Protein chains: 10
Amino acid sequence: MLFHVRMDVRIPHDLDPQVRAEIVATEKAYSQELQRSGKWPHIWRIVGEYSNISIFDVASNDELHQILSGLPLFAYMDIRVTPLATHPSDVKAVTR
Amino acid sequence: MLFHVRMDVRIPHDLDPQVRAEIVATEKAYSQELQRSGKWPHIWRIVGEYSNISIFDVASNDELHQILSGLPLFAYMDIRVTPLATHPSDVKAVTR
Amino acid sequence: MLFHVRMDVRIPHDLDPQVRAEIVATEKAYSQELQRSGKWPHIWRIVGEYSNISIFDVASNDELHQILSGLPLFAYMDIRVTPLATHPSDVKAVTR
Amino acid sequence: MLFHVRMDVRIPHDLDPQVRAEIVATEKAYSQELQRSGKWPHIWRIVGEYSNISIFDVASNDELHQILSGLPLFAYMDIRVTPLATHPSDVKAVTR
Amino acid sequence: MLFHVRMDVRIPHDLDPQVRAEIVATEKAYSQELQRSGKWPHIWRIVGEYSNISIFDVASNDELHQILSGLPLFAYMDIRVTPLATHPSDVKAVTR
Amino acid sequence: MLFHVRMDVRIPHDLDPQVRAEIVATEKAYSQELQRSGKWPHIWRIVGEYSNISIFDVASNDELHQILSGLPLFAYMDIRVTPLATHPSDVKAVTR
Amino acid sequence: MLFHVRMDVRIPHDLDPQVRAEIVATEKAYSQELQRSGKWPHIWRIVGEYSNISIFDVASNDELHQILSGLPLFAYMDIRVTPLATHPSDVKAVTR
Amino acid sequence: MLFHVRMDVRIPHDLDPQVRAEIVATEKAYSQELQRSGKWPHIWRIVGEYSNISIFDVASNDELHQILSGLPLFAYMDIRVTPLATHPSDVKAVTR
Amino acid sequence: MLFHVRMDVRIPHDLDPQVRAEIVATEKAYSQELQRSGKWPHIWRIVGEYSNISIFDVASNDELHQILSGLPLFAYMDIRVTPLATHPSDVKAVTR
Amino acid sequence: MLFHVRMDVRIPHDLDPQVRAEIVATEKAYSQELQRSGKWPHIWRIVGEYSNISIFDVASNDELHQILSGLPLFAYMDIRVTPLATHPSDVKAVTR
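Thresholds, definitions, all that
Residue numbering note: each chain is counted from 1, following its sequence as written. To label them, take the chains in the order written and letter them from A, then take the ligands in the order written and number them from 1. Reporting of local features is limited, given that this is a predicted model, to residues whose pLDDT is at least 70; pairs of side-chain atoms are given and counted only at 80 or more, and all residues count toward the totals for whole chains, interfaces and linings. Values reported for side chains reflect all heavy atoms of the structure, with hydrogen atoms and water molecules removed beforehand. UniProt positions are given in the numbering used here, feature names are shortened, and annotations may be inferred rather than shown by experiment. Numbering of helices and strands runs from the N terminus, with a helix taken as a DSSP run of H or I at least four residues long and a strand as a DSSP run of E at least two residues long. Each residue is assigned to one of three classes by its accessible area relative to the maximum for its type, calculated with a 1.4 Å probe on protein chains only: buried under 20%, partly exposed between the two thresholds, exposed over 50%. The contact criterion used throughout is that any non-hydrogen atoms of two residues lie within 4.5 Å. Computed with a 1.4 Å probe, the accessible areas rest on the Shrake-Rupley method; for each residue, only the protein chains presented here act as cover. When charges are counted, Lys and Arg contribute as positive and Asp and Glu as negative, whereas His and the chain ends are disregarded. Lys charges are placed at NZ, Arg charges at CZ, Asp charges at CG and Glu charges at CD. The criterion for strand pairing is that DSSP finds at least two bridges linking the strands in question. Note on geometry: axes are lines fitted to C-alpha atoms, helical ones only across the stretch in contact, with angles between N-to-C directions running from 0 to 180 degrees. A side-chain nitrogen of Lys or Arg and a carboxyl oxygen of Asp or Glu constitute a salt bridge if their distance falls within 4 Å. When the copies are superposed, the least-squares fit draws on C-alpha atoms of residues that have pLDDT of at least 70 in both. Pairs were defined over the aromatic rings of Phe, Tyr and Trp, the Trp ring being its six-membered one, requiring ring centres within 6.5 Å. Orientation was assigned from the angle between planes: stacked under 30 degrees, edge-to-face over 60, tilted for the rest. Each of two parts loses accessible area, computed with a 1.4 Å probe, when they are put together; buried area is these two losses added. Each residue is assigned to one class: nonpolar for Ala, Val, Leu, Ile, Met, Phe, Trp, Tyr, Cys and Pro, charged for Asp, Glu, Lys and Arg, and polar for all the others, Gly among them. Identification of polar contacts relies on pairs of N or O atoms within 3.5 Å, with a donor-acceptor requirement for protein atoms, meaning one able to donate a hydrogen and the other able to accept it, and with residues adjacent in sequence counted only if both atoms are side-chain atoms. One less than the number of residues in a helix, times 1.5 Å, gives the span that helix is expected to have. Here, the arc refers to the directions that run from the helix axis to the C-beta atoms.

Chain A is annotated in an unreviewed UniProt entry as Muconolactone Delta-isomerase from Mycolicibacter terrae. According to its UniProt record, chain A has this under Pathway (unreviewed entry): "Aromatic compound metabolism; beta-ketoadipate pathway; 5-oxo-4,5-dihydro-2-furylacetate from catechol: step 3/3." The UniProt entry for chain A carries this comment under Catalytic activity (unreviewed entry): "(S)-muconolactone = (4,5-dihydro-5-oxofuran-2-yl)-acetate".

This is the structure:
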């Protein structure tokens, strides 16, 4: 089940630089593990912004919230989730 | 080069039903041809809305505008384009 | 899996009154059948508006879109869907 | 009498972690007591956000404000209240 | 129980002038009867707009929705309802 | 001459608690004196928010600004003023 | 007493051209009479828009609403009124 | 003197197709004459929208309004004007 | 050449009170000198807000930016500039 | 390939003035090098704001993001990117 997620990162300017570096490194590892598991199939950077647009593939709303609220940067991001359905013109869906 | 595109369809209620059906059918064929060519790799329906979120993979801004303005439903849609870049945490990009 | 759905009805003023009455009656029957099936557990009117806030309990995003896009008033409504997860303070969830 | 309430939590990043933990724990106890009393029949987490959507069942506007302004997190939340009425298609209302 | 209600009138330009005149006249009578009953204690015009700000004093959300949805102009207005509570600095409340 | 005023209080979290308590107490006295003088005939709390909706009855725009900018909480509030006129359906105005 | 007023003209495209021309001509005469009387001391066009920003000098809110609601184009405009007060740095006010 | 202008075209769906074609053709000629005169140095299409972003170089606000309100499509466009100044980092300005 | 300028002052609460007083005093002198020169013909306070609406009369966009960016409070204000043109109904313009 | 970029600078008031001066100086050098290379053909100041509107001419979305995220002020700016295409009325394009 697919969800469209936009994340806008808002790290406070006065956050300790070392703390910041650690959180960002942990975030990357956390994200890449989920990407490899297949639950986070796409992540793109929005040009010019400290933001990403991602696609998640999860079994339930609860699983998605558990993943997102577990992000090391969760406290420093604005996140908006949009549920997706199969589009009737999708050729990949049509040929299933 | 990837672009995120959101399309919200607003067909006027008083459009002739046969005209409408023809435009929608032409739109589907047009979309599926572009999907098969690789230029429109993803299309998803937004749950509860007559809208889609799509990813386009094109060579230039001009090519994208030519594709979008050629959509049979173009006159009846609100379209917003967001340019995408490679995300530094993207495992598919990392392993390239 | 629960979803919060807000529907704002915008029927054009020049819609034929008989057509309108038929759509509204069909909408009511369609809604009540889904309520009785357990898939639409709550529906409330927003005071002062021709709008409702509803809770849906469905197996997937696709099922929810099928239900919503099948609403007889679908073409005349603005719909916004918000996915819900279990709240950690929910006493009903805690005692499960 | 039912009210729809959305609460978005905005705890400042520099709040003392122990103070924060105490407020959050007190908030949970306060919420669960109201849930058990029947005045707060529903609370759901919005997926991906530090926010909830709740339904309150109270005798008056004054009682609702007393409850909400008494929330331990009140000073750290944006709250929006929407009054609800019985929907004419509600099967539970119809069978009353 | 008090509610703040803002009503913005949007009568379509092509409404039959006689129909319009009748609706507006019926609206006035309906409003004045409710004012005299004490349920609609205040109504003010917003300067420069075809809008009013009103205060309603009703027993319940359902009663308020019944009143508002019964307004002859209901189909031609945008209505927003804000529930009100006693203010702790209100001298009239203090002296009760 | 009547004006509708909405005030949203935004006291910074790090304001000294004693300073805050003094400002809030002074604000209450200032408000109640104006209420008793007839210049501030109505003040209501918005349910769930640290906000009020008030009606002022003053002789001029300058007098209203003098009153509002003199509020002890003025530096910590967002204020929006809407000028009001007599509504043609107002029974109290009609009988004058 | 001064008020800042912004008017955005939205004449429907299908209005009869002769009716339109008459309304616009009447509007001009109405406006110029008020300008000459001193009640409408300033009117400026917003560059690129069918809109104006005006300053009115009237004795009361009721007088302003009477003037604005009497504009021949009133039914075809969005109007927003902002009450103005003397600015403490205004040299013209200082020298009074 | 430079101005940034965004124009969003909103031609009504029921405009006579021949009238529409004539207006669009006249608009093109009008625009190109101004471009050749140096008063309209840049015009770009916004990808995916029936909109343009333009730069105008004119002697005054009045001249710009005369040009924009003379556009054959003026009645069918939303236009927003932003005045521009020389940027202190502009190398072309620096070398003047 | 006239411009409409709205300035909203947002001085941080923790600014040193003496620094603040000096900036505000310098701002007043700066503003009054420009008013006396004829470049800043109007300044009004918005009732209830720490904001002003002003009219500037300058020779160019660059001159206006130089004036505005030179305001002692510039770093603490949100400023929006709207270019103005002569209105065709302006009696003062007509009689020129 | 052209992109329209708007940058709004939001430097925190409590940033060390020397750090600030260094960042601003580095930003200027960085910008001017890109302007001289042809990748940043236009930069204009928005009158009255600490903002610029720029045009970039780059080979890809990734190149644009690399340039923008490399701006010394990147952490202190809100940036919005709009992809541009050739306009069919552009005389410079027509004559190619």
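There's more to say after this.
Draft legend 1. The arrangement of the overall build of chain A in detail. Within chain A, the regular secondary structure consists of three helices and four strands. Helices and strands appear in chain A in the N-to-C order β-α-β-β-α-β-α. Overall, chain A is about 50 × 25 × 20 Å in size when its C-alpha atoms are taken along their principal axes. Each of the 96 residues in chain A was classed as buried or not, and the buried ones make up 55%. Within chain A, contacts between residues separated by at least 24 positions form 67% of all contacts whose residues are at least 6 apart in sequence. Summing over all exposed atoms, chain A offers an accessible surface of approximately 4,300 Å²; the carbon and sulfur share of this is 52%. Here chain A contributes 10 positive and 12 negative side-chain charges, whose respective centroids are spaced 7 Å apart.

Draft legend 2. Molecular detail of the sheet that holds strand S1 (residues 2–9) of chain H. The strand order S1(H)-S3(H)-S2(H)-S4(J)-S1(J)-S3(J)-S2(J)-S4(H) describes a closed barrel built from eight strands, whose pairing is antiparallel. Along the sheet, successive strands turn relative to each other by an average axial angle of 35 degrees, direction set aside.

Draft legend 3. A look at the pattern of salt bridges. Tallied over the full model, the rule gives 50 salt bridges over all chains. The residue Arg-6 of chain C makes a salt bridge to Glu-49 of chain C at a minimum N-O spacing of 3.0 Å. Taken together, the residues Arg-6 of chain C in strand S1 (residues 2–9) and Glu-49 of chain C in the loop between strand S2 (42–46) and strand S3 (51–57) connect sequence positions 43 residues apart. Here Arg-6 of chain C falls in the partly exposed class, since its relative accessible area comes to 26%. Salt bridges here are not isolated pairs; linked through shared partners, they connect Arg-6, Asp-8 and Glu-49 of chain A together with Arg-80 of chain J.

Draft legend 4. Representation of the relation of the copies chain D and chain A. After a rotation of 72 degrees and a shift along the axis of 0.0 Å, chain D superposes on chain A with an RMSD of 0.0 Å. Both chain copies can therefore be described as sitting about a five-fold axis. Minimal C-alpha distance to the rotation axis in chain D is attained by Asp-14 of chain D, lying at 8.3 Å.

Draft legend 5. Broad picture of the pairing of strand S3 (residues 51–57) of chain B. Residue and element names in this part refer to chain B. Of all seven residues in S3, six are buried, a share of seventy percent or more. Note that strand S1 (residues 2–9) and S3 share seven bridges and pair antiparallel. The residue of S3 that forms the bridge with His-4 is Ile-55. Relative to S3, strand S2 (residues 42–46) is paired through four bridges, and the arrangement is antiparallel. Paired with Arg-45 across the two strands is Asn-52, which belongs to S3. Adjacent in sequence and paired antiparallel, S2 and S3 are bridged by four residues, among which Gly-48 carries a positive phi angle near 85 degrees.

Draft legend 6. Representation of the packing of aromatic side chains in the model. All names here are of chain H. All chains considered together, the criterion is met by ten aromatic pairs over all chains. On the numbers, 4.5 Å between centres and 35 degrees between planes, the contact of Trp-40 with Phe-56 is tilted. Of the two residues, Trp-40 sits in the loop between helix H1 (17–37) and strand S2 (42–46) while Phe-56 sits in strand S3 (residues 51–57), which places them 16 residues apart along the sequence. The pair formed by Trp-40 and Phe-56 is uniform in burial state, with each residue classed as buried.

Draft legend 7. Broad picture of the interface of chain A and chain B. With 29 residues of chain A at the interface, the matching set in chain B holds 29 residues. Buried area between chain A and chain B, summed over both chains or domains, comes out near 2,700 Å², and the portion from carbon and sulfur atoms is 62%. When residues of chain A are sorted by the area they lose upon contact with chain B, Trp-44, Arg-45 and His-87 of chain A head the list and together hold 23% of the total. One can count zero salt bridges joining chain A with chain B. Across the side of chain A that touches chain B, the residue classes break down as 14 nonpolar, ten polar and five charged. Examined bridge by bridge, strand S4 (residues 77–86) of chain A and S2 of chain B share three bridges and lie antiparallel to one another. Bridge pairing in S2 of chain B places Ala-85 of chain A opposite Arg-45 of chain B.

Draft legend 8. Focus on the sheet that holds strand S2 (residues 42–46) of chain D. The sheet built from eight strands closes into a barrel, its strands ordered S1(C)-S3(C)-S2(C)-S4(D)-S1(D)-S3(D)-S2(D)-S4(C) with antiparallel pairing. Strand-to-strand twist of the sheet, defined as the mean angle between neighbouring strand axes without regard to direction, takes the value 35 degrees. The sheet contacts of helix H2 (residues 61–69) of chain E involve S2 of chain C together with strand S1 (2–9) and strand S4 (77–86) of chain D, and relative to S4 of chain D the element is tilted by about 70 degrees.

Draft legend 9. Up close: the interface of chain D and chain A. Contacts between the two partners involve seven residues from chain D and, on the opposite side, eleven residues from chain A. Of all residues in chain D, His-13, Val-47 and Gly-48 of chain D bury the most surface against chain A, accounting for 70% of the area lost on that side. Run the count over chain D and chain A and you get one salt bridge. Notably, a salt bridge pairs Glu-49 of chain D with Arg-80 of chain A, separated by 3.3 Å at the nearest N-O pair. At the boundary of chain D and chain A, one finds two residue pairs in polar contact (both at pLDDT 80 or more). Considering only residue class, the side of chain D that touches chain A consists of three nonpolar, two polar and two charged.

Draft legend 10. Structural context of the relation of the copies chain A and chain B. In screw terms, the move from chain A to chain B is a rotation of 180 degrees and a rise of 0.0 Å along the axis, fitting with an RMSD of 0.0 Å. Here the symmetry operator amounts to a two-fold rotation axis. Both copies present the same face, since 100% of the interface residues in chain A are matched by interface residues at the equivalent positions in chain B.

Draft legend 11. View of the environment of Pro-88 of chain F. Residue placement: Pro-88 of chain F occurs in the loop between strand S4 (77–86) and helix H3 (91–94). Here the alpha-carbon distance between Pro-88 of chain F and Pro-12 of chain F, two residues 76 residues apart in the chain, equals 43 Å.

Draft legend 12. Here's a closer look at the arrangement of the chains. Contact between chain D and chain I is absent, and the least distance between their C-alpha atoms amounts to 16 Å. Structurally, chain C and chain J remain out of contact, their C-alpha atoms never closer than 25 Å.

Draft legend 13. Spotlight on the UniProt feature "domain: Muconolactone isomerase" (unreviewed entry) in chain A. What UniProt calls "domain: Muconolactone isomerase" (unreviewed entry) maps, in this numbering, to residues 1–90 of chain A. As annotated, residues 1–90 of chain A has a helix share of 33% and a strand share of 33%, and its two end C-alpha atoms lie 15 Å apart.

Draft legend 14. Summary view of helix H1 (residues 17–37) of chain J. Residue and element names in this part refer to chain J. Counted at 1.5 Å a residue, the expected span for H1 with its 21 residues is 30 Å, and the 30 Å between its end C-alpha atoms agrees. Restricting attention to buried positions, one finds in H1 the residues Ile-23, Glu-27, Ser-31, Gln-32, Leu-34 and Gln-35. End-on view of H1: buried residues confined to an arc of 165 degrees, all on one side of the axis. Exposed and facing more than 90 degrees away from the buried side of H1 are Gln-18, Glu-33 and Arg-36.

Draft legend 15. Summary view of the pairing of S1 of chain B. Residue and element names in this part refer to chain B. Across the eight residues of S1, six count as buried, placing the element largely inside the fold. Here seven bridges tie S1 to strand S4 (residues 77–86), and the two strands are oriented antiparallel to one another. Following the sheet pairing, Arg-6 is matched in S4 by Arg-80.

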